[in-house]
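Coordinates in review
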Amino acid sequence: MAKKLTAVYPGSFDPITFGHLDIITRACQLCDRIIVAILVNPHKSPLFSINERLEQIRHATRHLPQVEVDSFSGLTVTYARMQNANLLIRGLRVISDFEMELQMAHTNKTLAPEIQTLFLATSNEYSFLSSSVVKEIARFGGPIDHLVPAEVAIALSQKFAAHSNPALCP
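First things first, this report covers the structure right here in the doc. It should be emphasised that the depicted structure is a prediction, and the values quoted were computed from it without experimental measurement. (Residues numbered from 1 in each chain as written. Predicted model: local features only at pLDDT ≥ 70, side-chain atom pairs only at ≥ 80, totals over all residues. Heavy atoms only, no water.)

This part covers helix H4 (residues 95-111). Given 3.6 residues to a turn, an α-helix orients residues that are three or four positions apart in the same direction. Taking 1.5 Å as the rise per residue, H4 with 17 residues should run 24 Å; its terminal C-alpha atoms sit 25 Å apart, in good agreement. The complete set of buried residues in H4 reads Asp97, Glu101, Ala105 and Asn108. Projected onto a plane normal to the axis of H4, the buried residues spread over an arc of 65° and lie on a single side. Facing away from the buried surface of H4 by more than 90 degrees, the exposed residues are Ile95, Glu99, Gln103 and Thr110. Looking at the packing, one finds that the buried side of H4 touches helix H3 (76-82), strand S4 (87-92) and strand S5 (116-121). (Helix = DSSP H or I, 4+ residues; strand = E, 2+ residues; numbered from the N terminus. Expected span 1.5 Å × (residues − 1). Buried < 20%, exposed > 50% of the residue type's maximum accessible area, 1.4 Å probe, protein only. Arc of directions from axis to C-beta. Contact = heavy atoms within 4.5 Å.)

Following this line, the structure appears as structure tokens:
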């Protein structure tokens, strides 16, 4: 009997992009269960709240039955163990990603030798794409509908409209 593969795909997903969805979709071809897990980092100030990002990811992956969406704080390998995951999924866009990701994979291996890291190269059409790039384009009113799901594009437009109009800010 083949071993069931449960993977954690950790990240900030602020916001989720078509590049992330490309990795998730291709990981679904390899794994029985994938947990897209938002890392709660108290040292970062994300544009979207945890709840907003959870909902965005759930909506964008609703057609993928083996995908679950969650959030966590602390070490990724500790979270992966709690979920009985045996694999971490990491997306690679450029060579500089590989250096950092390889270092992290080696570190994780010392902390949790039973958990493997699988690197998936981003598809060519998304190799330039990052959440930071999307937010920068959206901040200046550029088109982003080819970079993120429609509901995320709307949410970004609303966020930046609110930020540009102080009367609308809470």
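What follows deals with the sheet that holds strand S2 (residues 33-39). In spatial order, the strands read S3-S2-S1-S4-S5; together these 5 strands make up an open sheet with parallel pairing. Lying at the two open borders of the sheet, with one neighbouring strand each, are strand S3 (67-72) and S5. The mean angle between the axes of side-by-side strands here comes to 30°, regardless of whether they run parallel or antiparallel. The sheet contact formed by strand S1 (residues 6-11) and S4 spans 2 bridges and is parallel. Paired with Val8 across the bridge in S4 is Leu88. The sheet contacts of helix H2 (residues 50-60) involve S2 and S3, and relative to S3 the element is tilted by about 170°. (Pairing = 2+ DSSP bridges. Axes fitted to C-alpha atoms, helices over the stretch in contact; angles between N-to-C directions.)

Let us now look at the nonpolar core. Ranked by size, the top nonpolar core spans 36 residues in total, and within it Ile24, Ile34, Ile89 and Leu156 carry the most contacts. Residue assignment for this core shows that the elements contributing at least two residues are S1, helix H1 (18-28), S2, H2, S3, S4, helix H5 (131-139) and helix H6 (150-164). In terms of nonpolar packing, the next biggest core, distinct from the first, is built from 11 residues, Ile35, Tyr79, Ala85 and Ala112 among them. (Core = buried A, V, L, I, M, F, W, Y, C linked by side-chain atoms within 4.5 Å.)

Moving on: unusual backbone geometry. Of note, the amide linkage connecting Asp14 to Pro15 takes the cis form, showing an omega dihedral of 5°. Looking at where Pro15 falls in the secondary structure, it is placed in the loop between S1 and H1. Not every positive phi belongs to a glycine, and Phe13 is a case in point at roughly 50°. Position of Phe13 relative to the elements: it lies in the loop between S1 and H1. Phe13 gets classed as buried once you look at its relative accessible area, which sits at 2%. A positive phi angle is found at Asn84, which is not glycine, with a value near 55°. Among the structural elements, Asn84 can be located in the loop between H3 and S4. Look at Asn84 and you get exposed, because its relative accessible area is 64%.

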